[in-house]
Structures are given as C-alpha cells and as structure tokens.
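Working through the structure, step by step
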Amino acid sequence: MSLKSVVSHSKPAFKARKDSDMTLLLGDTVPDFTADTTLGPISFHDWIGEDWAFFFSHPADFTPVCTTEMGRTSQLSAEFTARGVKPIGLSTDTVEEHFKWIEDVNDTQNTTLRFPIVADPDLKIAKLYEMLHPSESETAAVRSVFIIDSDKKLRLTMTYPMSVGRNFDEILRVIDALKTSDANGVALPADWRPGDLAIIPPSVSDDEAKIKFPQGFDTIRSYLRTVDITPSQKDNA
Ligand code: BEZ
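A short tour of the structure in this document, coming up. Note that the structure is predicted; figures quoted are calculated from it, not measured.

**What to know about the site of the ligand**
Neighbouring residues of the ligand: Pro 59, Thr 63, Pro 64, Val 65, Cys 66, Arg 143 and Met 162. Here Thr 63 contributes a side-chain N or O atom positioned 3.0 Å from an oxygen atom of the ligand. At a separation of 2.5 Å, an oxygen atom of the ligand approaches a polar backbone atom of Val 65. When isolated, the ligand has an accessible area of 260 Å², and the protein chains bury 73% of it. In terms of residue count, the dominant contributor to the shell around the ligand is helix H3 (residues 64–75) (three residues). Along the lines of polarity and charge, the residues of the shell around the ligand split into five nonpolar, one polar and one charged.

The structure is reproduced here in structure tokens:
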C-alpha cells in the first residue's frame, strides 16, 4: 500500500473536546475519584500526592493471571519506591473479596502485598477510566495501565487483553524513560535502557544542543542526533 493511500490529505473538521468525550489522552489530567481500597478510603489525586502512580486494572479477584500480576507488583515494590512511583490496583470486586484474595496472592506468589487495591463493585471507576471493553466483558475490567505523574497528568497508557499478563520489565523501563526524558530534555530510542545513548529532540537546534550538551553529540542525520547523558544524567526520581 502506498503512503499516499494511507495518509489522507483532506483536513478533518476540528472538534473541540468536551468533558463528555471522556477518552483519556496522554497529557490529560486524569479523573479524580473517591473509593474504598484495601488500605481504607482514598481520594485519588490526594493519594498520589507528590509521587507518580502506576494504576492498573484486573478482570477479577481469584483469577490466575491477575494473581501473578498482583504478586509481581508486590515483589517489585522496592523498585517502584526507588522510582517515586506508587502502585495501586483495581478490580470490580469488593474490599472483602480483595482481602481474601490478597491472602492467596501472598501464599502463592511468596510475597506480602502492601499497596492498595481499589474496590469497584458498581463499576464507577472502571467506567470513568474506560477499563470496560464490552466486546471482552460487560463487567470485568481489561488489563489497563495508567502511568500518572505528580501533576496528575496521564503519561502512558497500555491495554492488555484478559488472557495475557503484563510485562513488568517494560513498566519499569518506561517509568525510567519518562523520568529521564523529563529531567534531561531528551528523547529515548527503541528498547532504551538506563545508560544507553539518548536522542536530542528535533525541536532543539544544533546551537542550543551545543550549550545543553557540552559533552558533545553525534549527528547521524540532521534529525537523528545521539548524546551520552550518563556522566550528567539526572534521574528525577
Ligand atoms: C486471569 O486473570 O487469569 C484471567 C481473567 C479473565 C480471563 C482469563 C484469565
């Protein structure tokens, strides 16, 4: 298929977004809510506070894939803390069911789960965050991920199907990448890991880049410039 056939040149009429068009887009302030959780009632924005949040939904308590994901999040709690990120889960079950399930998670995944799990039996929050995908299920949330910064802005979203557990290496990697990008004014290439070369965004001119990156940079193409930020890297944790 030629590029011409997939890129439309006719301009769509601009449609202003209304509150009722609640599709969450990157950079939006995430909706606030109050809810019961396994650590007591919370007001979401206040609970995030000055940290970042890893908000993730599950189809249901007492299901096998979810049990491994809850266990993995708990096992990685020191990694999330080191990055200034608080995990918080959700499934459309009650706090009482969550408590019973956490015992199973701890037993089977060899962990002690300490982060909150939101109870959402009336689907209020699942609907607010569009975690229900009716072709998958009318009542059970899919595996949504929301990475939210301390300004309560949505920085990343991913949606996994019910049958496939999330990759937690990628969740930690993308948190590292977002924080490195914020702190150093760089972009990060495919499969970037901390310590790898970074990319100077095209919005930064060569003259600006010489001031910003006195260590020097490589110009592979005029639009592809790489820089080693490791000596001066700020991680913004
Ligand atoms: C699970 O978490 O194991 C699961 C949930 C819904 C459908 C399939 C698997």
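**Thoughts on the packing of aromatic side chains**
Per the stated rule, a full pass over the model turns up 13 aromatic pairs. Seen from their ring centres, Phe 33 and Phe 44 are 4.6 Å apart, and the 15 degrees between their planes marks the pair as stacked. On the criterion of sequence distance, the pair formed by Phe 33 in the loop between helix H1 (3–6) and strand S1 (34–35) and Phe 44 in helix H2 (residues 44–48) is long-range, its members being 11 residues apart. For the residue pair Phe 33 and Phe 44, the accessibility class agrees, reading buried in each case. Ring plane angle 75 degrees and centroid distance 5.1 Å describe the contact between Tyr 129 and Phe 146, whose orientation is recorded as edge-to-face.

Calculation rules
Residues numbered from 1 in each chain as written. Predicted model: local features only at pLDDT ≥ 70, side-chain atom pairs only at ≥ 80, totals over all residues. Heavy atoms only, no water. Near = heavy atom within 4 Å. Polar contact = N/O pair within 3.5 Å; in protein donor to acceptor, adjacent residues only side chain to side chain. Areas by Shrake-Rupley, 256 points an atom, 1.4 Å probe, with all protein chains shown as cover. Helix = DSSP H or I, 4+ residues; strand = E, 2+ residues; numbered from the N terminus. Nonpolar A, V, L, I, M, F, W, Y, C, P; charged D, E, K, R; others polar. Phe/Tyr/Trp six-rings, centres within 6.5 Å; stacked < 30°, edge-to-face > 60°. Buried < 20%, exposed > 50% of the residue type's maximum accessible area, 1.4 Å probe, protein only.

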